[in-house]
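Read off the chains here:
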Amino acid sequence: MALLMVAGFCLGLYMVGLPISPLKLQLYSYHKWIGVSVAALLLPRIVWRGLHAPPPLPAGMPAWEQIMAHASHLLLYVLMAIVPLSGWLMSSAKGVTTVYLGLWPLPDLLARNDALGLFLEALHRILNYALLSLVCLHVAAALKHHFIDRDGVLGRMFRFTRAGQ
């Protein structure tokens, strides 16, 4: 999911600056496909997370860091849901149906409304930058725990590797 989100963000940044062309329209399709894929993968991820509690945070971690860790994880999940939804709403309001993988048209969630489409475009951009900022904060915190605190928090993120055991 992380790779999909990075690809979707980079593609989004690149495609908006292009002049209207068949390439731009194709890149918009790819961007939408990535967003739908992230949204589709989020539900099983949430179910898995609900069934598998994360390992406890280090005992010596200050309470404010524990609160921030839990809050940032919750906000990551919220943004992973809201960012694709805002894109889908924007496309609907702009009158452009999303067709997943070029095969399955998704229902428009809103009637065409140009003013609402522009608002949702700005909201989608803001939410993407919020998600990017939170991901950067998450990475910085993980690196801080690994290189400064040396408390094994980074290894917990990779449960299926030797570092996570």
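A. Focus on the overall build of the chain. If you tally the helices and strands in the chain, you get five helices and two strands. Ordered by position from the N terminus, the helices and strands of the chain form the series α-α-α-β-β-α-α. Each principal axis of the C-alpha distribution contributes one length, and for the chain these read about 55 × 30 × 25 Å. In the chain, once contacts between residues fewer than 6 apart in sequence are set aside, the share between residues at least 24 apart is 59%. Carbon and sulfur atoms make up 74% of the accessible area of the chain, which amounts to about 10,700 Å² in all. If the 12 positive side-chain charges of the chain are averaged to one point and the 6 negative ones to another, these points end up 6 Å apart.

B. Highlighting the environment of Tyr-77. Relative to the assigned elements, Tyr-77 resides in helix H3 (residues 63-93). Exposure remark for Tyr-77: the relative accessible area of 16% places this residue in the buried category. Remark: the alpha-carbon pair of Tyr-77 and Phe-119, spanning 42 residues in sequence, is separated by 23 Å. Setting aside its immediate chain neighbours within four residues, Tyr-77 contacts Leu-42, Arg-45, Ile-46 and Arg-49. Among the polar contacts made by the side chain of Tyr-77, one reaches the side chain of Arg-45 at a distance of 3.3 Å.

C. Fine view of the packing of helix H2 (residues 22-51) against H3. Viewed as axis vectors pointing N to C, H2 and H3 meet at an angle of 145°, and their least axial separation amounts to 10 Å. Crossing of H2 over H3 shows left-handed handedness. Counting all contacts with H2, which are made through Lys-32, Gly-35, Val-38, Ala-39, Leu-42, Arg-45, Ile-46 and Arg-49, the residues of H3 involved are His-73, Tyr-77, Met-80, Ala-81, Pro-84 and Ser-91. For the contact of H2 with H3, the per-class residue count stands at eight nonpolar, three polar and three charged.

D. Main features of H2. A rise of 1.5 Å per residue sets the reference length of H2, with its 30 residues, at 44 Å; its end C-alpha atoms lie 44 Å apart and thus fit the reference within 8%. The largest bend along H2 measures about 25° and falls at Leu-42, with the proline Pro-44 one to four residues further on. Lys-24, Leu-27, His-31, Lys-32, Trp-33, Ile-34, Gly-35, Ser-37, Val-38 and Leu-42 are the residues of H2 that are buried. Along its buried surface, H2 packs onto helix H1 (2-16), H3, strand S1 (99-100) and helix H4 (114-149).

E. Broad picture of the pattern of salt bridges. Within the structure shown, the criterion is met by five salt bridges. The partner of Lys-144 in a salt bridge is Glu-65, with the nearest N and O atoms 3.0 Å apart. In this pair, Lys-144 is assigned in helix H4 and Glu-65 in helix H3, connecting sequence segments 79 residues apart. Measuring nitrogen to oxygen at the nearest pair gives 3.6 Å for the salt bridge that ties Glu-121 to Arg-125. Of this pair, Glu-121 and Arg-125 are both found in helix H4, four residues apart, which corresponds to roughly one turn of the helix. Here Glu-121 falls in the partly exposed class, since its relative accessible area comes to 25%.

F. Examining the confidence of the model for the chain more closely. Per-residue confidence for the chain averages 92 on the pLDDT scale, and 96% of its residues sit at or above 70. The least confident element of the chain, judged by mean pLDDT, is helix H5 (residues 153-156) at 78; the most confident is strand S2 (residues 104-105) at 97.

G. A look at the packing of H1 against H4. Contact geometry for H1 and H4: axes closest at 11 Å, N-to-C directions at 135°. With respect to their mutual orientation, H1 and H4 come out oblique. The two elements H1 and H4 cross, and the hand of that crossing is left-handed. For the pair H1 and H4, the contacting residues are Met-5, Phe-9 and Leu-13 in the first and Asn-128, Tyr-129, Leu-131 and Leu-132 in the second. Residue composition of the contact of H1 with H4, by class: six nonpolar, one polar and no charged.

Quick notes on the rules
- Think of each chain on its own: its residues are numbered from 1, step by step along the sequence as written.
- For this predicted model, a pLDDT threshold of at least 70 governs which residues receive local features, and a threshold of 80 or more governs which side-chain atom pairs are given and counted, while totals over whole chains, interfaces and linings are taken from all residues.
- Hydrogens and water are ignored here; the side-chain numbers use all heavy atoms of the structure.
- Only DSSP runs of H or I covering at least 4 residues are called helices, and only runs of E covering at least 2 are called strands; the numbering of each starts at the N terminus.
- Contacts were defined at the residue level, with two residues in contact if any of their heavy atoms lie within 4.5 Å.
- Exposure was quantified through the Shrake-Rupley algorithm and a 1.4 Å probe, taking into account, for residues, occlusion by the shown protein chains and nothing else.
- All tallies of charge rest on Lys and Arg as positive and Asp and Glu as negative; His and the ends of each chain are not included.
- Charge coordinates come from a single atom per side chain, which is NZ of Lys, CZ of Arg, CG of Asp or CD of Glu.
- Classification of residues uses two cut-offs on accessible area relative to the type maximum, computed with a 1.4 Å probe and protein chains only: under 20% is buried, over 50% is exposed, and between them is partly exposed.
- Polar contacts, as counted here, are pairs of nitrogen or oxygen atoms within 3.5 Å of one another; within protein the pair requires one atom able to donate a hydrogen and one able to accept it, and residues that are adjacent in sequence qualify only if both atoms are side-chain atoms.
- Here, axes are lines fitted to C-alpha atoms. For helices the fit covers the stretch in contact, and angles between N-to-C directions go from 0 to 180 degrees.
- In a left-handed crossing the near helix is turned counterclockwise from the far helix by less than a right angle, and in a right-handed crossing that turn is clockwise.
- Charged means Asp, Glu, Lys or Arg here, nonpolar means Ala, Val, Leu, Ile, Met, Phe, Trp, Tyr, Cys or Pro, and polar covers whatever is left, Gly included.
- A helix is expected to reach a length of 1.5 Å times the quantity of its residues less one.
- What the bend at a residue measures is the angle between two axes, fitted to the seven residues ending there and to the seven starting there.
- A carboxyl oxygen of Asp or Glu within 4 Å of a side-chain nitrogen of Lys or Arg is what we treat as a salt bridge.
- Known as pLDDT, the predictor's per-residue confidence is scaled from 0 to 100.
- With respect to orientation, any angle under 35 degrees is reported as roughly parallel, any angle over 145 as roughly antiparallel, any angle of 65 to 115 as roughly perpendicular, and every other angle as oblique.

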